[in-house]
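Chain by chain, the residues:
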Amino acid sequence: MRHLAALPEAEVAAARERLAASVTSPAPSQLLRRLTHSQYNNTVRDLLGDFSRPADRFPPEDFVNGFKNQLRTQGMPPLLAEAYSAAAEKLR
């Protein structure tokens, strides 16, 4: 603590600038992301009380770096859009 308090103001300001520059990342081009299949099933269960797990019948999800919810790779292919629409019709 004493060491940090004794640093010159210019050094502290430079460190703050470096930190701000490293934290700032470009805004994603996709502002919304879709739910993963398990998130969709849980949402349907929690909001509608429906335990049918409709997303289990959706086309399989892609794993990217071991995860299914990577924003940059999470598109909405036509086949998946049709599956969402059919599930919504059945849940009405």
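This one's a predicted model, so the numbers in the text were calculated from it and none came from an experiment.

A. Up close: the nonpolar core. Counting nine residues, the largest nonpolar core consists of Y40, V44, A55, F58, L80, A83, Y84, A87 and L91. In terms of residues, this core owes the most to one element, helix α4 (residues 78–91), which gives five residues. Filtering out sequence-adjacent residues up to four positions away, L80 remains in contact with R34, H37, F58, P59 and G75.

B. Expanded view of the packing of aromatic side chains. Summed over the entire model, instances satisfying the criterion amount to three aromatic pairs. Both rings, one in Y40 and one in F58, keep their centres 5.3 Å apart while their planes meet at 55°; by these two values the pair is tilted. With Y40 in helix α3 (residues 37–48) and F58 in the loop between α3 and α4, this pair connects stretches of sequence that are 18 residues apart. Note on accessibility: Y40 and F58 belong to one class, buried. Residues Y40 and Y84 carry aromatic rings whose centres are separated by 5.0 Å and whose planes lie at 80° to one another, so their mutual orientation is edge-to-face. One end of the pair, Y40, is in helix α3; the other, Y84, is in helix α4, and 44 residues separate them in sequence. Using a relative accessible area of 11% as the deciding quantity, one classes Y40 as buried. Looking at Y84, the relative accessible area reads 17%, which means it is buried. Taken together, Y40, F58 and Y84 form an aromatic cluster joined through their ring pairs.

C. Region of interest: unusual backbone geometry. Phi at R53 is positive, roughly 55°, even though this residue is not glycine. For R53, the location among the structural elements is in the loop between α3 and α4.

Quick notes on the rules
Residues numbered from 1 in each chain as written. Predicted model: local features only at pLDDT ≥ 70, side-chain atom pairs only at ≥ 80, totals over all residues. Heavy atoms only, no water. Core = buried A, V, L, I, M, F, W, Y, C linked by side-chain atoms within 4.5 Å. Buried < 20%, exposed > 50% of the residue type's maximum accessible area, 1.4 Å probe, protein only. Helix = DSSP H or I, 4+ residues; strand = E, 2+ residues; numbered from the N terminus. Contact = heavy atoms within 4.5 Å. Phe/Tyr/Trp six-rings, centres within 6.5 Å; stacked < 30°, edge-to-face > 60°.

It is worth stressing that arrangement in space is one thing and function is another; only the former is reported here.
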